[in-house]
Amino acid sequence: MPTKAVTDASYKADVLDSEKPVLVDFWADWCGPCKMIAPALEEISDELADRVTIAKMDIMDNPDTPGSLGVQGIPYLALYKGGEIVADVKGAMPKSQLKQWLEGAL
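So, how was this worked out
- Residues numbered from 1 in each chain as written.
- Predicted model: local features only at pLDDT ≥ 70, side-chain atom pairs only at ≥ 80, totals over all residues.
- Heavy atoms only, no water.
- Core = buried A, V, L, I, M, F, W, Y, C linked by side-chain atoms within 4.5 Å.
- Buried < 20%, exposed > 50% of the residue type's maximum accessible area, 1.4 Å probe, protein only.
- Helix = DSSP H or I, 4+ residues; strand = E, 2+ residues; numbered from the N terminus.
- Expected span 1.5 Å × (residues − 1).
- Bend = angle between axes of the 7 residues up to and from the residue.
- Contact = heavy atoms within 4.5 Å.
- Phe/Tyr/Trp six-rings, centres within 6.5 Å; stacked < 30°, edge-to-face > 60°.
- Lys NZ or Arg CZ within 6 Å of the ring centre and 35° of its normal.
- Arc of directions from axis to C-beta.

Caption draft 1: Region of the structure containing the nonpolar core. Core analysis: the biggest nonpolar cluster contains 17 residues, and V15, V24, F26, I74 and Y80 have the highest contact counts within it. Mapped onto this core, the elements with two or more residues apiece are α1 (11-16), β2 (22-27), β3 (53-58) and β4 (76-81). Membership of the second largest hydrophobic core comes to 16 residues, among which are I37, I54, L77 and V89.

This is the structure:
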């Protein structure tokens, strides 16, 4: 399943109200490390589709949500369960580490 684009307007419905855990990747087009992890997140989205939804929020197009969360650096990955952040990580890492972190947090 491909990653899902989330906006400030859809954040509540797509993330906070989701029955399934949601990993939100806060990113921007100008961010090199964000571009580096994007293919890995697409692959992980396919591999773990039954366990988690992977969503992406462009912080330049959607400043309200990252601003309210105090996001100061990207990439910033936040795992939500039941509308709450239960795990988060800042910065890029190889796919194997990303997947291991996510599976451990699920």
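Caption draft 2: Inspection of helix α2 (residues 32-47) at higher detail. Look at α2: 24 Å from first C-alpha to last across 16 residues, which is about the 22 Å you get at 1.5 Å a residue. Of all the bends in α2, the greatest reaches close to 35° and is centred on A38; the proline P39 follows between one and four positions later. Every buried residue belonging to α2 is among C34, I37, A40, L41, I44 and S45, and all of these are buried. Those residues of α2 that are buried are in contact with β2, β3, β4 and α4 (95-105).

Caption draft 3: Here's a closer look at unusual backbone geometry. The residue after I74, namely P75, is reached through a cis peptide bond having omega 0°. Checked against the element boundaries, P75 lands in the loop between α3 (64-69) and β4.

Caption draft 4: Representation of the packing of aromatic side chains. Considering all chains together, one arrives at two aromatic pairs under this definition. Seen from their ring centres, Y11 and Y80 are 6.0 Å apart, and the 80° between their planes marks the pair as edge-to-face. Placement of Y11 in helix α1 and of Y80 in strand β4 is noted, with a sequence separation of 69 residues between them. Take Y11 and Y80: they sit in the same class, and that class is buried. The side chain of K56 reaches across the aromatic face of W27, ending 5.1 Å from its centre.

Caption draft 5: Representation of α4 within the structure. When α4 is considered as a whole, its buried residues turn out to be L98, L102 and A105. What you see down the axis of α4 is that its buried residues fit within an arc of 65°, all on one side. Counted as exposed and oriented over 90 degrees from the buried face of α4: S96, Q100 and G104. Close packing links the buried residues of α4 with β2, α2, β3, β4 and β5 (84-90).

Structural measurements only, silent on function.
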